[in-house]
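Single-letter residue listing:
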Amino acid sequence: MSKAYIGFHVSLGKSIDSVFDTAQSMGCTTLQMFTRNPRGWKFKDLNESQVKSFREKREKSGFRFVVDHMPYLPNLASPVKSVMKKSREALVAEVERCERLGIDYLVVHLGSHMGKGIETGIRNVAEACNIALKRRGKTVILLENSAGQKNSVGSKFEELSRIIDKIRSRRVGVCLDTCHLLASGYDIRSENSVKETMKEFESKVGIERLLVLHMNDSKGDIGSNLDRHENLGKGKVGLEGFKAILRYNGIMDRPIILETPYRDMKTVKEDLETLRSILPKG
Ligand SMILES: [Zn+2]
Ligand SMILES: [Zn+2]
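Quick caveat, the model's predicted, so the values are computed rather than measured.

Definitions and cut-offs
Residues numbered from 1 in each chain as written. Chains lettered and ligands numbered in written order. Predicted model: local features only at pLDDT ≥ 70, side-chain atom pairs only at ≥ 80, totals over all residues. Heavy atoms only, no water. Donors = N, O, S within 2.8 Å, 3.2 Å for Na, K, Ca; no water. Tetrahedral: all angles 85-135°; square planar, octahedral: opposite > 155°, others 65-115°. Helix = DSSP H or I, 4+ residues; strand = E, 2+ residues; numbered from the N terminus. Buried < 20%, exposed > 50% of the residue type's maximum accessible area, 1.4 Å probe, protein only. Disulfide = S-S within 2.5 Å. Pairing = 2+ DSSP bridges. Axes fitted to C-alpha atoms, helices over the stretch in contact; angles between N-to-C directions. Contact = heavy atoms within 4.5 Å. Salt bridge = Lys/Arg side-chain N within 4 Å of Asp/Glu carboxyl O. Core = buried A, V, L, I, M, F, W, Y, C linked by side-chain atoms within 4.5 Å.

### Side note on the coordination of the zinc ion (ligand 1)
For a metal bound by four donors in a tetrahedral arrangement, the ideal donor-metal-donor angle is 109.5 degrees, while six donors in an octahedral arrangement ideally sit at 90 or 180 degrees.
Next, step 1: Binding of the zinc ion (ligand 1) to the protein goes through Glu-144 (OE), Asp-177 (OD), His-214 (ND1) and Glu-259 (OE), at separations of 2.1 to 2.2 Å.
Next, step 2: One way to put it: the four donor atoms around the zinc ion (ligand 1) meet at angles of 85 to 176 degrees, and that makes the site irregular.
Next, step 3: The sequence pattern formed by the donor residues of the zinc ion (ligand 1) is E-x32-D-x36-H-x44-E.
Next, step 4: Between the zinc ion (ligand 1) and the zinc ion (ligand 2) there is a metal-metal distance of 4.4 Å. Taken together, the residues Asp-177 in strand β6 (residues 172-177) and His-214 in strand β7 (residues 210-214) connect sequence positions 37 residues apart.
Next, step 5: Relative accessible area serves as the criterion here: at 0%, Asp-177 is assigned to the buried category.

### Here we look at the coordination of the zinc ion (ligand 2)
Next, step 1: Within the protein, the atoms that donate to the zinc ion (ligand 2) are His-180 (NE2), Asp-227 (OD) and His-229 (NE2), at distances of 2.0 to 2.2 Å.
Next, step 2: Along the chain, the residues that donate to the zinc ion (ligand 2) are spaced as H-x46-D-x1-H.

### Some details on the state of the cysteines
Next, step 1: Under the definition given, this model contains zero disulfides.
Next, step 2: No disulfide involves Cys-98; its sulfur sits 13 Å from that of Cys-129, the nearest cysteine.
Next, step 3: Cys-98 gets classed as buried once you look at its relative accessible area, which sits at 0%.

### Structural notes on the sheet that holds strand β10 (residues 256-258)
Next, step 1: As summarised here, the arrangement of the eight strands in space is β1-β10-β7-β6-β5-β4-β3-β2, forming an open sheet in which the pairing is parallel. Each end of this open sheet is capped by a strand with a single partner; those strands are β1 (6-8) and β2 (31-33). Between one strand and the next, the sheet's axes are offset by a mean angle of 30 degrees, whatever the strand orientation.
Next, step 2: Note: β2 against strand β3 (residues 66-69), three bridges, orientation parallel. Bridge pairing in β3 links Leu-31 to Val-66.
Next, step 3: The strands touched by helix α5 (residues 157-166) within the sheet are β5 (140-144) and β6, with β6 carrying the most contacts at an inclination of about 160 degrees.

### Section: the pattern of salt bridges
Next, step 1: Counted according to the given criterion, the structure contains 18 salt bridges.
Next, step 2: We note a salt bridge from Glu-119 to Arg-162, for which the minimum N-O separation is 2.8 Å. Of this pair, Glu-119 sits in helix α4 (residues 118-132) while Arg-162 sits in helix α5; the two residues are 43 residues apart in sequence, bridging distant segments of the chain.
Next, step 3: By relative accessible area, Glu-119 is classed as partly exposed at 44%.

### A look at the nonpolar core
Next, step 1: Core analysis: the biggest nonpolar cluster contains 75 residues, and Leu-91, Leu-143 and Leu-275 have the highest contact counts within it.
Next, step 2: With six residues, α4 is the largest single contributor of residues to this core.
Next, step 3: Here Leu-91 is in contact with Met-70, Leu-76, Leu-106, Val-108, Ala-128, Cys-129, Ala-132 and Ile-141, once residues within four sequence places are set aside.
Next, step 4: Counting residues in hydrophobic clusters, the runner-up holds eleven residues, among them Tyr-5, Val-67, Val-212 and Ile-257.

And the structure:
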């Protein structure tokens, strides 16, 4: 149990290094964060003292993994030249910020092809990653599966796999979101369905590519294409599904990040208690 890497997406406090205090006060052993305001295009560059205190706090925390999430506005699949350009610049900048802060993983949403077709979407996302990974570094880009909203890229394992094939760097992996899995039509509600779904993931993508798990229950039912997270055990995935996922080969070696609805510390505690109650023993 003590070895489990469990964390929430924590919001930025007054300083960028405050995420470690927040995560530790919640009883977490890893965290996901934004390195800047996720709702705008503009941001300030990091200065040396921010980088230094972030690295020091991380060292003290003993966290083996730290995960960053891309801001919301970039659309890496966009066929619109101006949006494509801005989105690629945002990705390049975010990888750079992760490198400076020593962040291990950068989770990216794959965006929307806006009706231009999945081929265009796949090509654009892969090219964006190729540009961002040109420089040497350590940060790994993780493609997050989508809930399958209209024109979205990456809701199917085949699509994730085809993007990875086009990326000329080893620094790419996958972040699976359980809410998005169910919403996009993958059954994960029972032990057998988890096995089936993960077998398909293994054959199409490979379990070694799965580096972070977003563990969220889902308000929408299977195949609903709704991206609405729910607290653990209160949605359509259910505890039996989560139990089986946690027992799947190698999952417990990965950071498990909750992005469940936050009302107050009570919901945080409840989700953590629920998660602890279904963790594999030993
Ligand atoms: Zn997610
Ligand atoms: Zn989501």
